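Take a look at the letters that make up each chain.
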Amino acid sequence: MTEPREPTVYDYTVGIICALDKELLAVRYVLDSTHPEVAVLPRDTNTYTFGTLSKHGVVATCLPAAEYGTNAAASVASQMYMSFPDMQFCLLVGIAGGVPGGKEDVRLGDVVIGVPTGIRPGVIQYDMGKATPDDSFLETGSLQRPPRVLLSAINGLRSNPQIAINPLMASLEIIARQNPKYASVEREHDILFPLDCVHGLHEANCEGHLDLQVQRPARSLQYPCIHYGLIASGNSVMRDAALRDRLAHRYGFLCFEMEAAGILNILPSLVIRGICDYSDSHKSKVWQEYAAAAAAAYAKLLLTQVRVYNARSTGGTHLREMHSPPSAIGHIGVDTSLGYGIYDACKTTRNPSPSPLTDQTAPCRSPEDIWSKAQSFAERHRLWSSIPTEAVPLMAALNEWSQTKFSATLIIEPQSSRAAQRAETFAFEVAAFLKRRGQSIIWAFTPEYDEPLTTGDIMHCLAQQAQRTLPAKLTVTQCSDMGSPASLTSIFDVLGNSFLVVQVQDRALGHALLEALKSAFHQPGRVLKLLLVSYHPDMTSRALGFPQATVQALSPPIPKARRRDARVSWWECINPTL
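Quick caveat: nothing in here was measured; it's all calculated off a predicted structure.

### Notes on the overall build of the protein
Across its full length, the protein carries 14 helices and 17 strands. Expressed as a percentage of its 578 residues, the buried residues of the protein come to 54%. If you take every contact in the protein between residues at least 6 apart in sequence, the share linking residues at least 24 apart comes to 80%. Surface summary for the protein: the accessible area is close to 26600 Å², and the carbon and sulfur share equals 52%.

### What about the sheet that holds strand 14 (residues 441-445)?
Ordered in space as 14-15-16-13-17, the five strands form an open sheet in which the pairing is parallel. One side of each edge strand has no neighbouring strand; the edge strands of this open sheet are strand 14 and strand 17 (549-554). Averaged over neighbouring strand pairs, the angle between their axes works out to 10° when direction is ignored. Inspection of the sheet shows strand 13 (residues 408-414) paired to strand 16 (residues 528-533) by five bridges, in the parallel sense. Paired with Leu410 across the bridge in strand 16 is Leu531. Against the sheet, helix 8 (residues 392-403) makes contact with strand 13, strand 15 (498-503), strand 16 and strand 17, and its axis sits at roughly 155° relative to strand 13, the strand it touches most.

### Points about the nonpolar core
Of all hydrophobic cores here, the largest spans 89 residues; its most connected members are Phe84, Leu91, Val93, Ile272 and Tyr298. In terms of residue count, helix 6 (residues 288-303) provides more of this core than any other element does, 13 residues in total. Aside from chain neighbours lying at most four places away, what touches Phe84 is Val9, Tyr12, Val40, Tyr48, Phe50 and Val59.

### Brief notes about the packing of aromatic side chains
Going through the model one piece at a time under the given rule, you end up with 14 aromatic pairs. Ring centres of Phe253 and Phe256 lie 5.6 Å apart, and the angle between their planes is 75°; this geometry places the pair in the edge-to-face category. Taking the relative accessible area as the measure of exposure, Phe253 reaches 3% and is therefore buried. Look at Phe256 and you get buried, because its relative accessible area is 5%. Considering the side-chain rings of Trp443 and Phe445, the 5.3 Å spacing of their centres and the 25° angle between planes classify their relative orientation as stacked. For the residue pair Trp443 and Phe445, the accessibility class agrees, reading buried in each case. Through pairs of rings, three or more aromatic residues link up here, namely Tyr12, Tyr48, Phe50 and Phe84.

### Some thoughts on the confidence of the model for the protein
Atomic detail in the predicted coordinates should be set aside for any region of low pLDDT. When pLDDT is averaged along the protein, the result is 76, and 70% of the positions lie at 70 or above. The secondary structure element of the protein with the lowest average pLDDT is helix 11 (residues 476-480), at 41, and the one with the highest is strand 6 (residues 111-114), at 97. Contacts from residues 312-318, a stretch scored under 50 in pLDDT, to residues over four places away or in other chains number 16 contacts. Throughout residues 321-363 the model reports pLDDT below 50, and contacts reaching past four residues in sequence, or to other chains, amount to 94 contacts.

### Some remarks on helix 2 (residues 70-83)
Compared with the 20 Å implied by 1.5 Å per residue over 14 residues, the 20 Å span of helix 2 between its first and last C-alpha is a close match. Taken across its 14 residues, helix 2 has 12 buried, putting it largely inside the fold. Of the residues making up helix 2, those classed as buried are Thr70, Ala72, Ala73, Ala74, Val76, Ala77, Ser78, Gln79, Met80, Tyr81, Met82 and Ser83.

### Some points on the packing of helix 1 (residues 21-30) against helix 6
Closest axis-to-axis distance for the helix 1/helix 6 pair is 8 Å, and the angle between their directions is 45°. The orientation of helix 1 with respect to helix 6, classified from their angle, is oblique. The chirality of how helix 1 crosses helix 6 is right-handed. Only Gln288, Glu289, Ala292, Ala293, Ala296 and Lys300 of helix 6 make contact with helix 1, whose side of the interface consists of Lys22, Glu23, Ala26, Val27 and Val30. Among the residues making up the contact of helix 1 with helix 6, the classes are represented as six nonpolar, one polar and four charged.

### A closer look at the pattern of salt bridges
Overall, the coordinates contain 11 salt bridges when judged by the stated rule. For Asp32, the salt bridge identified is with Lys300, shortest N-O distance 2.5 Å. Remark: Lys300 occurs in helix 6 and Asp32 occurs in the loop between helix 1 and strand 2 (33-34); sequence separation between them is 268 residues. When its relative accessible area of 35% is taken as the criterion, Asp32 is described as partly exposed. Classification of Lys300 as buried rests on a relative accessible area of 16%. Among the charged side chains, a network of salt bridges with common partners joins Asp105, Arg107, Asp110 and Arg219.

Thresholds, definitions, all that
Residues numbered from 1 in each chain as written. Predicted model: local features only at pLDDT ≥ 70, side-chain atom pairs only at ≥ 80, totals over all residues. Heavy atoms only, no water. Helix = DSSP H or I, 4+ residues; strand = E, 2+ residues; numbered from the N terminus. Buried < 20%, exposed > 50% of the residue type's maximum accessible area, 1.4 Å probe, protein only. Contact = heavy atoms within 4.5 Å. Areas by Shrake-Rupley, 256 points an atom, 1.4 Å probe, with all protein chains shown as cover. Pairing = 2+ DSSP bridges. Axes fitted to C-alpha atoms, helices over the stretch in contact; angles between N-to-C directions. Core = buried A, V, L, I, M, F, W, Y, C linked by side-chain atoms within 4.5 Å. Phe/Tyr/Trp six-rings, centres within 6.5 Å; stacked < 30°, edge-to-face > 60°. pLDDT = per-residue confidence, 0-100. Expected span 1.5 Å × (residues − 1). Parallel < 35°, antiparallel > 145°, perpendicular 65-115°, else oblique. Left-handed = near helix turned anticlockwise from the far one by under 90°. Nonpolar A, V, L, I, M, F, W, Y, C, P; charged D, E, K, R; others polar. Salt bridge = Lys/Arg side-chain N within 4 Å of Asp/Glu carboxyl O.

Following this line, the structure appears as structure tokens:
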């Protein structure tokens, strides 16, 4: 029998983000098992709960106390996505304000799932856009659709004739047994008031308005109904019934919430919301716990329809299940001083002989830190959300580079400083695209820092990546001896088929990297694909000696007034089988 092993960050493929502690508590109640703490990135300030849910390795967290809205949610999501490299998707589980009286009979305690409708992606940020002279509001930008694997699972649930009439009941009962506050609320507390009935801020409660409540047909069902459609997301609490209905009529919203817009463009996600009020001035907290329980119950149900992703570090062993009784569920924190827990290049002995590849004084930065900085740079200079007309040749070159079955090199030559900014952002997005597709990738970036990134940082970054990719084939000694191109060559000698994305402006470091890569490219039976952002003619000439090398010049962006953007993201032009 295989000995169980302790989990690592690579074992968690599903993320769950909640806005409130009561939402996260409901999620923790439905976990099948809990795991001990796992070391994450030192600068990750999130507190995580680890466990299994419907056989998936799940990591859950919520926003910090007293923080809410899209900005706080984006920060939490970014840190989670960086700390858990094998995460496939995220579920946003929590409560929201419903929209009554529409095509869907949304009641308190129901669950709304954000799925695409027509050309709408599932969630719309209704407060992001521009006001026009005719006193109207034009929304700008769009959020990502939920991942296809989850949309497929949703239709699997909806089309399953064997599913229970109340598929959430079992989980709701489990939650209620552990905490009676999450038990079902009587329907007499599901009260809807008309638009012209406004609850004053200084009124203690709505008892004086009860005789004005809207009379609706009694619902015979005593369990939550599940609705699929559009969700509204914004940075402010919706307490205006008139505005609620006006936006719902325009877009077809089923509910309003405050976090999804900050997360959906950061990592693939699905929004699951339990309805706790009607987005009007009569908000109360009576239904919040039950609504949170209903959302958590649906998340558990949905994951039963999703095939378990085999994380790369499992190695045929089994995770050690750490079962906790309900009463033992407590606060799980993360000691960020532990670092990543695999290899700490900062503690290795540096080569005492100075060379172009080492720096004896500057501190060593981790790959995660460098990647985070590169991501921040790319997000601030977002130039590739759609394909401009003048970038079509680059798309074609990238597509050819990605699809060839042999080693290939694509050299991007920026034609000016503005073009260099585009090339750097593009290189990062290609690397992010490959990482999301689970490709074996080694990358080198020099993003902006308050203090310049050193060559030693880059070399240790490459060493850590290689050691994590092939820990059984690469020793720590090989990683720590980074004083010459020959030592870097030894790392690439043990790599199999890989993608390499390199963007470094330092001439000496660029030459050293290319020298080390050249021998790796000529190993028989190996397929290596290099994407190089070249800032120097001599760097381009050296890279032209690599297999199937092509050069693609990149010009500055044309003025916005003359730009004609295609309605497609650049990565949709790349071979989807990557």
